[in-house]
Every structure is written in C-alpha cells, then in structure tokens.
Amino acid sequence: MADTAPTAQQRSPLASTAHRLAAVTRSSGGTIRLAELPFLAQANVRLDAKGPAADAVGLALGLQLPLEPDTVVRTGELTVLWLGPDEWLVVGRPGTQRDLESRIRSAAGDEPVSVCDVSAQRTTLLVTGPRARDLLSHGCALDLHPRAFGPGRCAQTTLARSQVVLVARDEPRAGFWVLVRSSFAGYLTDWLLDAATEYA
C-alpha cells in the first residue's frame, strides 16, 4: 500500500529572515555579508582520543580527528571541530547525518563510542566580509584578532549572550560560521542585523 501521509517540508529557523540578511550585504557595500547555512549535518562524537577508535573513525572520515584544543580539521565536504578532550562535532552536507553516524559507528566497531545526530539542534550563520571580525567582536569576549583566532580555530563561547560555537573558516575570505541553537537563532540574527547597521 502506498504511503499517503503528507510529507512535512523542512523549514529552517531563519527562513523568514533571508531577505533581511541579504539587505545587510547590500547596505554595507559588501563589508559585511550575512547568510544562513540551513540543515547542515551535525554529529556529536565522543570517544577515547588515545584509543584505536580515534584512528579508525578518522580513517573512515578521511581525516585525522583534531587533538589540539579549539582547532578544526577539514577535508572535502566534512569539517570536524574539537569540542573537548574526547568530544568532536562533525559537520557535513545537508542530509548526510545518517551516513555520517553509520560510518562512525562502523569504524569504531566494538570500541566505546557515542554518536548523536544534533543536526536539528543548531543552525549555522555565515558571517563574512572585511568587517566580519569587527562585527563579531561587538558581542564576543574572545580575542578575534587573526593571531589569536585565525583560520582553523573554533571555540564554544557566547555571542550577544547566546551560546554558540564559533568557527574561523580556513578558505580564503570565508569568514566565520556561527553555530547557534535553533531556539536562539532569531534573537542572535536580530542582534547581528542591528549591530551591522554601523557598517551601512
């Protein structure tokens, strides 16, 4: 029998703000660019960094899990963020979360590992442009100077009193990812839009 149940269409937490984000890019003359990157696959992984599972999982993902605090490793379409001595966030293309979970569990075999799909927990804001650091510095206590927080760095921090994971992207002019809980995404976007008026 055919499945006749209506299929719910995914709606990102910031779907209604896309036009406002684009307006900031125009009004700032490109010095600030804001956009949502919705539905990125996100898997939280916990395992023993010194055990055999770490190497096996890294091999399955095609990279080495970052072991230095607050660093990021990227290969192809996967980005892995160090969140703690035994914790990482694996970020991939939208819709790949089940594949990521399966690859990680299979690679770990009988070794203890925890893999949680947290894709729906957060959305991702892209903040780029020549004044991106200045904009984020208005609401973040971290030293965001490139010497302290350059490409390939990440941190769990607060931005405008919202808990976020901040990532300095390593591609040229790629700016920052701001991973924020979906329930705070609207508030944080409003704050960013307000702060960005300085550059209009």
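Everything in this summary refers to the structure shown in the same document. In this text the structure is predicted, and so the values were computed from the model without any measurement.

Time to look at the pattern of salt bridges. What the rule picks out here adds up to 9 salt bridges. For arginine 46, the salt bridge identified is with glutamate 87, shortest N-O distance 3.9 Å. Of this pair, arginine 46 sits in strand β2 (residues 41-47) while glutamate 87 sits in strand β5 (residues 87-92), placing them 41 residues apart in sequence. As a salt-bridge pair, arginine 105 and glutamate 101 come within 3.4 Å of each other at their nearest N and O atoms. With a gap of 4 residues between them, arginine 105 and glutamate 101 both fall in helix α3 (residues 97-108), about one helical turn apart. Bridged by salt links that share partners, the residues Arg46, Asp86 and Glu87 form one connected network.

One open sheet holds the 5 strands; their spatial order is β1-β7-β10-β9-β8, and the pairing between them is antiparallel. Of all the strands in the sheet, the pair left with one neighbour each is β1 (33-37) and β8 (153-159). When the angles between neighbouring strand axes are averaged without regard to direction, this sheet yields 25 degrees. As judged from the 5 bridges shared by β1 and strand β7 (residues 122-128), these two strands associate in the antiparallel manner. Bridge pairing in β7 links leucine 37 to threonine 124. Packed on one face of the sheet, helix α5 (residues 182-196) meets β1, β7, β8, β9 (162-168) and β10 (176-181) and runs near 135 degrees to β10.

Turning next to the packing of helix α1 (residues 18-27) against α5. Look at α1 against α5: their axes get within 10 Å of each other, and the N-to-C directions meet at 20 degrees. It follows from the interaxial angle that α1 and α5 lie roughly parallel. When you trace α1 past α5, the crossing you get is left-handed. Between α1, through Arg20, Leu21 and Val24, and α5, the contact on the second element is made entirely by Thr189, Asp190, Leu193 and Ala196. Across the contact of α1 with α5, the residue classes tally to 4 nonpolar, 1 polar and 2 charged.

Quick look at the nonpolar core now. Ranked by size, the top nonpolar core spans 29 residues in total, and within it Leu34, Leu135, Leu136, Leu166, Val178 and Leu188 carry the most contacts. Those elements that place two or more of their residues in this core are α1, β7, α4 (132-137), β8, β9, β10 and α5. Here this core takes 6 residues from α5, the largest share from any one element. Leucine 34 has contacts with Leu21, Ala22, Val24, Thr25, Leu126, Val127, Leu135, Leu192 and Leu193, leaving out every residue within four places of it along the chain.

What counts and what doesn't
Residues numbered from 1 in each chain as written. Predicted model: local features only at pLDDT ≥ 70, side-chain atom pairs only at ≥ 80, totals over all residues. Heavy atoms only, no water. Salt bridge = Lys/Arg side-chain N within 4 Å of Asp/Glu carboxyl O. Helix = DSSP H or I, 4+ residues; strand = E, 2+ residues; numbered from the N terminus. Pairing = 2+ DSSP bridges. Axes fitted to C-alpha atoms, helices over the stretch in contact; angles between N-to-C directions. Contact = heavy atoms within 4.5 Å. Parallel < 35°, antiparallel > 145°, perpendicular 65-115°, else oblique. Left-handed = near helix turned anticlockwise from the far one by under 90°. Nonpolar A, V, L, I, M, F, W, Y, C, P; charged D, E, K, R; others polar. Core = buried A, V, L, I, M, F, W, Y, C linked by side-chain atoms within 4.5 Å. Buried < 20%, exposed > 50% of the residue type's maximum accessible area, 1.4 Å probe, protein only.

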